[in-house]
Amino acid sequence: MITKKEVEKIAELARLGISEEEKGKFAEDLSLVLGYVDKLSEVNVEKVEPMTGGTALENVVRKDDDSKDIATDEMKAEILNAAPDKENGYFKVPSILK
Amino acid sequence: MNLKELTIKQAHELLEKREVSSVEMTEAFLKNIKKEDKNIHAFLSLAENEAIKIAKKVDERIAKGEPVEMLAGIPAAIKDNILIRGAKTTAASKILENYIAPYDAAVIKKLKEEEAVFVGKTNLDEFAMGSSTENSGFGPTKNPIDLKRVPGGSSGGSAAAVKAGFCVYALGSDTGGSIRQPASFCGVVGFKPTYGAVSRHGLIAMASSLDQVGPITKNVEDAAQVFEAIRGKDELDSTSIAREWKDFARPLDIEELKIGVPREYFTHGLDKDIEKNIRAVIAKLEKEGAKIEEISLPYSEWALAAYYIIMPAEVSANLARFDGIKYGFSTLQSPSSKLQKLMDVYLKSRGEGFGAEVRRRIMLGTYILSAGYYDAYYKRAQKVRRLIKDEFDNIFKSVDVVLTPTTPSTAFKFGEKTSDPLSMYLADIYTVSVNLAGVPAISLPSGEVNGLPVGLQLIGKNFDDIKLLQIAKITETVINEKQHA
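Residues numbered from 1 in each chain as written. Chains lettered and ligands numbered in written order. Predicted model: local features only at pLDDT ≥ 70, side-chain atom pairs only at ≥ 80, totals over all residues.

**Focus on the overall build of chain A**
If you tally the helices and strands in chain A, you get three helices and two strands. For chain A, the N- to C-terminal ordering of α and β elements is α-α-α-β-β. Computed over its C-alpha atoms, the radius of gyration of chain A comes to 22 Å, more than 25% above the 13 Å expected for a compact globule of 98 residues. Counting only C-alpha atoms and orienting by the principal axes, one finds that chain A spans roughly 55 × 45 × 25 Å. (Helix = DSSP H or I, 4+ residues; strand = E, 2+ residues; numbered from the N terminus. Rg over C-alpha atoms; globule rule 2.2 N^0.38 Å.)

Right under this line is the structure:
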């Protein structure tokens, strides 16, 4: 069972603001789903390698080549324009340090 | 021109023979949308001007006698979690209500090269999380066959749009069944290609190790056409893979086919009439010369549980980007609150911007990945995922394709499963294994039960997409003969 206190902790980690009455509902729903997925403890997974992605590919890398930049200046302006606050071509955020 | 029946091949022929122009065709679909979509709500936005502009261009080329691509001038609908530059792309979430895509998704770029016409963006469960479109931030889509019932989800808007005659074909995305399940509920074809066959660049990410883009169409041949147009390696999706693809038109002999029927897919409360329907198709295929083999995929039993760990874990990571800082809904400038701290912007923007199911999955994923639970949940689920994949790899050493029902029930009524999240999750019981294993699968309409469409699922071997489509074509023919007999 997930407690309301645990719900508060998870919500903070997830950066999700939730209301007081939602806490009870989340505790209930998460407990229900976690109860179901506990089914996996029935499976013997000894010596099984975890499958960590959707392909067998490993370490696909590309050169850090700025000629491959897909954003044109116009696109960059559009991207920045979508931000709620900006200054001099940067996203602006509230102060983090006191 | 029967809009509900019009296939890509027929539309292409009409255009080439100049019996209908692309502008006329596009206008006919747009007119139908305006007339009928107020009842169905398949679309979140329309792109009339842009659509007519492209249609005109194609008409000019045809008038000059130039050959045009198969998809040129043909109206399509795009799920609203796929970016089209300059168009609103919301993922059916309030958090992206006013978001304008600054670039084209890879699949859109490819379709634009073919001069496809996009009539609009279709509804979905918010961020593709759901099986009914009831989780859309902008109201649900209704099933064109019965307006009291859901169209399935998450690509419910795309499936409904194809069924209702709002477009010739549509694109959807499939993370745990989101193309196949709505296709099944609406009586159309839905194809999820092999993981890595189609680039996801520009698809709003839900669970990156599972997501795949694919077509929703009126028949198998159309699905093959669209797949041919959108597949291929893309530098901007490092999981995409370059392949030599076989030719779909090459004939396949039904007598050489070995079809596996897994007994685990005929349990879990499978509707008796659906079972009867699917078994009748199997019998017909056998009669036509295919070899039918009863098989077992024992780890299927744990697929849904593994999925509901891996998927929310990836969701919680992927949706961290919606922070109220870069784009989307934000309380940063909200005049009513004296927000000064960054943490408050995060909490409030995300708390208010995301709907209930999305928040539920973010919470679940965050819990699963948090210190102390990672090994017990996430790592264990990844190991079970390996067992499921190995099981599919093994089965395809002895059969060409696996045949199952797509869903345990036909389209359910609105509100039937919204109060209990688990009952909604169970709607995906036959489709999630496919995403965990990465294999391709297709849902075909297989007649009706009590007036509602039944979906038949065929699952293929990794990167055997073309062979799967060829087998689907044979199966489609057999189903149609059965209905007409």
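**Some remarks on the confidence of the model for chain B**
Any residue range with low pLDDT should be treated as having predicted coordinates unsuitable for detailed reading. Overall, the prediction assigns chain B a mean pLDDT of 96, with 98% of residues at 70 or greater. Across the interfaces of the predicted complex, the ipTM metric reaches 0.95, alongside a pTM of 0.97. (pLDDT = per-residue confidence, 0-100.)

**Comments concerning the sheet that holds strand S5 (residues 189-192) of chain B**
Residue and element names in this part refer to chain B. Strand order across the open sheet formed by eleven strands is S1-S3-S2-S4-S6-S5-S10-S11-S9-S7-S8, with mixed pairing between neighbours. For this open sheet the edge positions go to strand S1 (43-46) and strand S8 (291-295), each flanked by a neighbour on one side alone. Put simply, the sheet's adjacent strands are angled 30° from each other on average, direction ignored. Its contacts with the sheet place helix H2 (residues 22-40) against S1, strand S2 (75-79) and strand S3 (117-122), and it is angled at close to 20° to S3. Sheet strands in contact with helix H7 (residues 220-230) are strand S4 (169-174), S5, strand S6 (212-217) and strand S10 (441-449), and its direction is about 145° off that of S6. (Pairing = 2+ DSSP bridges. Axes fitted to C-alpha atoms, helices over the stretch in contact; angles between N-to-C directions. Contact = placed C-beta atoms within 7 Å.)

**Considerations on the pairing of S6(B)**
Residues and elements named next belong to chain B. Burial within S6 is extensive, with six of its six residues counted as buried. Two elements, S4 and S6, share five bridges in a ladder whose sense is antiparallel. What sits directly across from Ser173, in S6, is Val213. (Buried ≥ 20, exposed ≤ 12 C-beta atoms within 10 Å, placed from the backbone.)

**Looking at the interface of chain B and chain A**
Contacts between the two partners involve 56 residues from chain B, matched on the other side by 42 residues from chain A. Counting residues per element, the ones that place at least two in the side of chain B that touches chain A are helix H9 (303-318), helix H10 (342-353), helix H11 (356-369), helix H12 (375-395) and helix H13 (421-425) of chain B. Take the side of chain B that touches chain A: its biggest share by element is eleven residues, from H12(B). For the side of chain B that touches chain A, the per-class residue count stands at 29 nonpolar, 14 polar and 13 charged. (Nonpolar A, V, L, I, M, F, W, Y, C, P; charged D, E, K, R; others polar.)

**As for the confidence of the model for chain A**
Taken residue by residue, chain A gives an average pLDDT of 90. The fraction at 70 or more is 99%. Looking at the elements of chain A, mean pLDDT is at its lowest for strand S1 (residues 86-87) of chain A, recorded as 90, and at its highest for helix H1 (residues 4-13) of chain A, recorded as 96.

**A closer look at the environment of B:Gln212**
Residues and elements named next belong to chain B. Mapping Gln212 onto the fold places it in strand S6. In this structure Gln212 comes out as buried when scored by C-beta crowding, with 27 C-beta atoms within 10 Å. Note: C-alpha distance between Gln212 and Pro193 (19 residues apart in sequence) is 6.9 Å. Beyond its immediate stretch of four places on either side in the chain, Gln212 contacts Ser173, Asp174, Lys192, Pro193, Tyr195 and Val198.

**Thoughts on the nonpolar core**
With 169 residues, the main nonpolar core has B:Ala76, B:Val119, B:Cys167 and B:Ala306 as its most contacted residues. When residues of this core are assigned to their parent elements, the largest contribution, eleven residues, is made by H9(B). Setting aside residues no more than four positions away along its own chain, B:Ala306 makes contact with A:Leu40, B:Ala381, B:Val384, B:Arg385, B:Ile388 and B:Leu436. (Core = buried A, V, L, I, M, F, W, Y, C linked by C-beta atoms within 7 Å.)

**Considerations on helix H8 (residues 272-287) of chain B**
Residue and element names in this part refer to chain B. For H8, built from 16 residues, the straight-helix expectation of 22 Å at 1.5 Å per residue is met to within 8% by its first-to-last C-alpha distance of 22 Å. Burial in H8 covers these residues: Ile274, Asn277, Ile278 and Leu285. For H8, the angular spread of buried residues about the axis comes to 90°, placing them on one side. Exposed side of H8, more than 90 degrees from the buried face: Lys272, Lys276, Ala283, Glu286 and Lys287 are the residues found there. A positive backbone phi angle near 120° is found at Gly289, which sits one or two residues after H8. (Expected span 1.5 Å × (residues − 1). Arc of directions from axis to C-beta.)

**Topic: the environment of B:Asp37**
Summarising the element assignment, B:Asp37 is placed in helix H2. Each C-alpha atom, one on B:Asp37 and one on B:Val439, is 34 Å from the other, the two residues being 402 residues apart in sequence.

**A closer look at unusual backbone geometry**
The linkage connecting B:Gly153 with the following residue, B:Ser154, adopts the cis geometry, with an omega of 10°. Mapping B:Ser154 onto the fold places it in the loop between S3 and helix H5 (156-163). At A:Arg15, a position not held by glycine, the phi torsion is positive, near 55°. Within the secondary structure, A:Arg15 sits in the loop between H1 and helix H2 (20-37). The class for A:Arg15 is buried, based on 21 C-beta atoms found within 10 Å. In the Ramachandran plot, B:Ala92 falls in the positive-phi region, its phi being about 55° despite a non-glycine side chain.

**Observations concerning the pairing of S3(B)**
The two faces of the sheet receive side chains in turn, since in a regular strand these alternate between them. Residue and element names in this part refer to chain B. Across the six residues of S3, six count as buried, placing the element largely inside the fold. Summarising the sheet, S1 and S3 pair through three bridges and their orientation is antiparallel. Following the sheet pairing, Leu46 is matched in S3 by Gly120. Bridge count for S2 against S3 is five bridges, and the pairing is parallel. The residue bridging Pro75 from the neighbouring strand is Val117, located in S3.

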